[in-house]
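The primary structure of each chain is shown beneath.
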Amino acid sequence: MPSTVLPPVPHNERLPTTAEDLDWADIPIIDLANFGTDDGRAALAVQVRHAMSNEGFFYVINHGLTQAQNDRIFDIADVPFSVVPEDEKKIYTGDFEKLGKYLGYKARQHWHIDGGVHDQLEQYNIDRDVTRDEHPRALQPFLPELDAFNKFCHHSVLEPILRLLALGLELAEDTFVNIHGFDANNETSVRFIKYYPRSQEEEKITRNVWLKGHTDTGSVSILWSQPISALQMLSPDGKWRWVKHIDNAVVVNAGDVLEFLSGGFYKATIHRVVQPPVDQRGYPRVGVFYFAKTNDDVKLVPYTESPVLQEYGIKRRIEDADAPTMLQWRSGRARAYGISKLEKKENNIEEEVIAGVVVRHYN
């Protein structure tokens, strides 16, 4: 991160963690302090393989970002929402349905949740090359820091995870790194999200669900942990459990693409966002994410040469000949999400078909 004098940014004090006794998910912790040796990586690869083939979630600690840098990034993350005027936001609002990719703002109430209630979350999406697009005036002084943060997320967090995931399948260590090029044509990006409180009537209609259960479009999702509890994962036993906050930790989950590439061995994690616990309600909730996707030309088929997959078997979501490329998959998901008509199934599951693949939402 830059070490020069930094421009001032409004500071937001974070809430204390909840004091409620919630049903917390049991999520493994991956300590990157052990990544520097062959033995350390081998041990971490076993942990990551177990986490991604069972829970689909794990924490990462000792990644190299300090708590002070973490705090500043969260302050910068709120600038697009709290400092930029509404009329200027409209200039930088992306047309996701037309472009098939997330860049710029997503306005509140764009996605349907349930019963006529729409979302109350606002996004700002930033390409890895922060100079590729124009940005609101208030955000421009922070572009050098965002550029450094993009590179940090990619090279210091994502790439070690990709190496561990490849080792977990007994593939060459750089297998997944090679198809997630920082300078390649793909949609890996930083995303800031601000969730706003809703009315009691909206909470009742949606049964407190702010973002219905889903799997992520890409390969690896990186969420910087923050103290307002709202994220839940669907555990292997079928119960929704809360994801606990750990200071300066990263929460990592597998997306659809990793499930495609691993033949179902690594599980795309079903997760959702719900109303926070009682002692944290009524406050906006800001999130910082790095969503990784493979290069656009990658065909989403399993690595059948993996000895692990050969032993455990491969479960395809679509036949190899019909499998989409990354570009086809990400653009199809972006165009449809939150606005397409879903077919209702049993157990509050809704379905749609994207690029020939059944996509489920858990309402």
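Above this note sits the structure.
Since the model is a prediction, treat every value here as computed from it, not as a measurement. (Residues numbered from 1 in each chain as written. Predicted model: local features only at pLDDT ≥ 70, side-chain atom pairs only at ≥ 80, totals over all residues. Heavy atoms only, no water.)

Got a minute to help me understand helix α9 (residues 326–336) in this structure?
Residue pairs three or four apart in sequence face the same way in an α-helix, which turns once every 3.6 residues. Of all 11 residues that make up α9, 8 are buried, and the element is covered over most of its length. Regarding α9, the residues found buried are Met326, Trp329, Arg330, Ser331, Gly332, Arg333, Ala334 and Ala336. Contact partners of the buried residues in α9: α4 (96–99), α7 (256–261), β16 (349–354) and β17 (357–362). (Buried < 20%, exposed > 50% of the residue type's maximum accessible area, 1.4 Å probe, protein only. Helix = DSSP H or I, 4+ residues; strand = E, 2+ residues; numbered from the N terminus. Contact = heavy atoms within 4.5 Å.)

What is the right way to read the layout of surface pockets from this model?
In this approach, a probe sized like a water molecule rolls over the atoms, and the result shows the empty space that is left. One number sums up the size of the largest pocket: a volume of about 780 Å³. What lines the largest pocket is a set of 34 residues, among which Glu259, Gly264, Lys267, Ala268 and Arg317 lie closest to the centre. Taken together, the elements giving at least two residues each to the lining of the largest pocket come down to α7 and β17. It is β17 that provides the largest number of residues to the lining of the largest pocket, a total of 5 residues. Considering only residue class, the lining of the largest pocket consists of 17 nonpolar, 8 polar and 9 charged. Space inside the second largest pocket adds up to approximately 280 Å³. For the second largest pocket, the lining is made up of 15 residues, of which Asn12, Glu13, Arg14, Pro284 and Val286 are closest to its centre. No other element matches helix α2 (residues 67–82), which puts 3 residues into the lining of the second largest pocket. For the lining of the second largest pocket, a count of residues per class yields 7 nonpolar, 2 polar and 6 charged. (1 Å grid on protein atoms, 1.4 Å probe; cavity = no way out; pocket = protein on both sides within 12 Å on 5 of 7 lines; lining within 4 Å. Points joined across faces, edges and corners; volume = space filled by probe spheres on them. Nonpolar A, V, L, I, M, F, W, Y, C, P; charged D, E, K, R; others polar.)

What am I meant to see in empty space enclosed by the protein here?
Applying the stated rule across the entire model yields 3 cavities of 30 Å³ or more. The space that makes up the largest cavity amounts to roughly 480 Å³. Along the wall of the largest cavity there are 30 residues; nearest its centre are Arg191, Leu211, His214, Asp216 and Phe291. Residue assignment for the lining of the largest cavity shows that the elements contributing at least two residues are β6 (121–127), β7 (189–195), β8 (209–214), β9 (220–224), β13 (271–274), β14 (285–292) and α9. Element by element, the count of residues in the lining of the largest cavity is highest for β14, at 4 residues. Looking at the lining of the largest cavity, its residues break down into 15 nonpolar, 8 polar and 7 charged. Size it by volume and the second largest cavity reaches roughly 90 Å³. Forming the walls of the second largest cavity are 13 residues, and the residues nearest its centre are Leu223, Ser225, Gln226, Val243 and Arg285.

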